[in-house]
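Per-entry structural report
The chain contents come next:
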Amino acid sequence: MNGQISGIGSKGVDDGEDFSMGVQVINENKEFSEKLPSYLSYHSLLASGFNYHLVAVFGSQSTGKSTLLNYLFGTQFSVMDETARRQTTKGIWMSKAQPGQSQNGKTMADNILVMDVEGTDGRERGEDQDFERKSALFALATSEVMIVNVWEHQVGLYQGANMGLLKTVFEVNLQLFQKNQSTSQRSLLFFVIRDHIGTTPLQGLADTLMADLNRIWGTLSKPQGLENSQITDFFDFEFAALPHKILQGDKFVEETKKLATRFREVEEESAIVSGRKEGDVLGGDRGIFLPSYHRRIPADGLPMYAEGIWTQIVTNKDLDLPSQQELLAQYRCEEISASITASVFDPVVTPFEEKGHQAAKVLEGLGEAIVPARQETLSAFSVEAGRYFKPVFLKKKEELEKKLDGRLKALVILHYQGLHKRAVQEFEDSVTAYLKKAAAASSASEHDFRETVEEAKEAALARFIEEAEPCVIPEQSWSSFKEELAHTESDIDAVASRVRGEEIRRLRLRIERVIKTKLAEPIELEFRKLSGSGTGAGKSDGKKLWDGVWAVFEKISSDGLDRFLSKAQALNASPEENEQAVWKLKKKSWAILKAKIDEELMEGNILMKLRENFEDRFRYDENGVPRVWKPSDDIEGLYARARESTLLLIPLLSKMELSATSKPPPVAEFIGKRPASVIATSDDEDEDVEIDDDLMVILTDAKQVGLQDRFRKMADGIYVEAKRSTISSVSQ
Ligand code: GDP
Ligand code: MG
């Protein structure tokens, strides 16, 4: 078998060929015609599946076979010219019956293909028994019904040419059957007795023929295993008679019309078969075509099948019908697969393949297009290829499905990945857009971050599903998007927690700024108490300085923490995230306080504070009224007391200590341990702080001494000035 018939269907109807006489399937040189596909296409038969019939005629040369066929089927087989008397039919011709001969409500079947087989009785073709044998084999392997054409006067002539022909038919049938015992293929031999005069009734002729046939059968040497087989194991028989065409022209025409309608389909098989087996002609109007005669070769595979068979026959190979059918099935299934893929699948799928292919990409409308295309391709394949040898068809269908799914899978995966990417991006975009808007709005901090995240996630996932779902083919696990969706969700969660982390950090920094601002004034105030401005004699001795500072700090930082926690709730912060942020916030608050204290207690500032404290005590009286020094005043005494009292402040300021405990404030306790979830990095935000008592030392001993010296000198200056003022007032 070669590729001659590839492309049937797409081929032009008849290529300008003249098919009015039918087509010569096998020519006189025993060559198989290439025109059969065109011929079937010309009659629109290629797509008809099993809805056709194949009938062949046998008989001696010049017994009116072609004439009979032309009358029965309206064909145009050439008939021997009366005057020339030589053979006209060469090889095997095929022609389609004219449709619709009907009589008495009985209609001939549609799509009957008739083969006019060249008869040989050695007159024209010499002793070419070979061709006779080959054509008989060919007809048996392909046709449902063999019309055997005999003259009435030849019936009973056991030695006649007809009998030789029938012997050949039986022999080749046995040969076929032996090779193909699995295919219990039955055939009908339909004897048409010509020039029936009428003196012998049809049943009598039938009985004679049956007897002859059985006799022939008996003489055949049967292959092993079939020694006791009966002729009726392989053949059904029907008999009909026709009047003399020339002598009873009108009756002949009338009877052929009746006979034509017998070529109709019959369903109620069993009743007919039993009659047929016996050669019983009663009820002589029985339909001819039983479903079981059909060779089950789909019409579009017929040319190829017939050619394959002929090739085997011509090359004298054993004719193995099942393997022929399998070969045909393979070839045709592949052809059908390729052509349906090209016509149904490719137009839909290729554009997507051209679009996608490299990176993950959302392929819009993918599922809506490819799933029906896949379905259509497979079902179109099933319709066309399903008529062929089942195991081959099933295998080829599986192959096709694999091929289609391979291509679809690549696209669908790309699409899912695209949806994944897009969903994460959409989520991030909508969350950041929301945050931006919220930050711009006056109530920046009042937004509900958690709700936004949930809504954005839901929306992104919903869109993913919406565009993934059409791609799902329930029984195909590769088309499931579950896994990709799970990855998408976890990616979205990761983005959410990253954005939330950033938001928490932003919130924390904002609260830190608030703490810094809020802490400044009250702390300054605490320190100002040292100078006790306006409080006169009830001047602060500074003993409660650090109590005040710590109290202010605790109040303001805990306000800040509360504020943070309430905002963090809206961010949907996890307990861990809260714990981390609170720790950092406390640490930072302490650093802010420490910086503020350092600022307050810079050397210049301390000196000023000491001076103010000293001046308060020395230059103002108990009622806060400035003293005007008189010589009688105990300037030295006052000076010494005020100086000593102020000097006491220096060690007090030098070290943070609470009055109640005489210990530094519980900073370490306040800050707490570094949460396990905070990984120490180079970023000092994440670093643990060692809070020891040394940290509470603001002025070292050496600095204190230096400060004392400078303060004394300053105090001395003020004392001298006071002293001088009394002298000048005396001298005035
Ligand atoms: P084929 O060689 O078997 O196909 O025979 P043809 O159909 O070519 O006919 C051979 C000859 O038989 C022709 O001259 C026909 O006119 C003639 N013929 C055809 N039908 C009949 C018939 O029913 N009775 C008789 N006696 N002659 C017929
Ligand atoms: Mg003929």
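Residues numbered from 1 in each chain as written. Chains lettered and ligands numbered in written order. Predicted model: local features only at pLDDT ≥ 70, side-chain atom pairs only at ≥ 80, totals over all residues. Heavy atoms only, no water.

Here we come to a negative patch on the surface. A contiguous patch of negative charge on the surface is contributed by Asp448, Glu451, Glu454, Glu455 and Glu458. For Glu455, the location among the structural elements is in helix H12 (residues 449-468). Classification of Glu455 by relative accessible area gives exposed; the value is 52%. (Patch = residues over 30% accessible without salt bridge, like charges linked within 9 Å, V, L, I, M, F, W, Y side chains within 5 Å. Areas by Shrake-Rupley, 256 points an atom, 1.4 Å probe, with all protein chains shown as cover. Salt bridge = Lys/Arg side-chain N within 4 Å of Asp/Glu carboxyl O. Lys, Arg positive; Asp, Glu negative; His and termini not counted. Charge placed at Lys NZ, Arg CZ, Asp CG, Glu CD. Helix = DSSP H or I, 4+ residues; strand = E, 2+ residues; numbered from the N terminus. Buried < 20%, exposed > 50% of the residue type's maximum accessible area, 1.4 Å probe, protein only.)

What follows covers a positive patch on the surface. On the surface, a cluster of positive charge is made up of Arg510, Arg513, Lys518 and Arg563. In terms of residue count, the dominant contributor to the positive patch is helix H13 (residues 482-531) (3 residues). Summarising the element assignment, Lys518 is placed in helix H13.

In this section: the pattern of salt bridges. Per the stated rule, a full pass over the model turns up 37 salt bridges. Here Arg463 and Glu467 are joined by a salt bridge, their closest N and O atoms 3.7 Å apart. Placement of the pair is Arg463 and Glu467 together in helix H12, with a separation of 4 residues, close to one helical turn. Take Glu467: its relative accessible area is 16%, and that puts it in the buried class. When the shortest N-O distance is used, the salt bridge between Glu636 and Lys723 registers 3.1 Å. Linking Glu636 in helix H17 (residues 635-647) with Lys723 in helix H20 (residues 701-731), this pair joins segments that are 87 residues apart in sequence. By relative accessible area, which is 39% here, Glu636 ends up partly exposed.

Before going further, it helps to spend a moment on the packing of helix H8 (residues 302-314) against helix H9 (residues 321-355). Where H8 contacts H9, the axes come no closer than 10 Å and their chain directions differ by 140 degrees. Between H8 and H9, the angle is such that the two are oblique. The handedness of the crossing between H8 and H9 is right-handed. Touching Met304, Tyr305, Gly308, Ile309 and Gln312 of H8 are Leu321, Gln324, Gln325, Leu328, Tyr331 and Arg332, all from H9. Here the contact of H8 with H9 is composed, by residue class, of 6 nonpolar, 4 polar and 1 charged. (Axes fitted to C-alpha atoms, helices over the stretch in contact; angles between N-to-C directions. Parallel < 35°, antiparallel > 145°, perpendicular 65-115°, else oblique. Left-handed = near helix turned anticlockwise from the far one by under 90°. Contact = heavy atoms within 4.5 Å. Nonpolar A, V, L, I, M, F, W, Y, C, P; charged D, E, K, R; others polar.)

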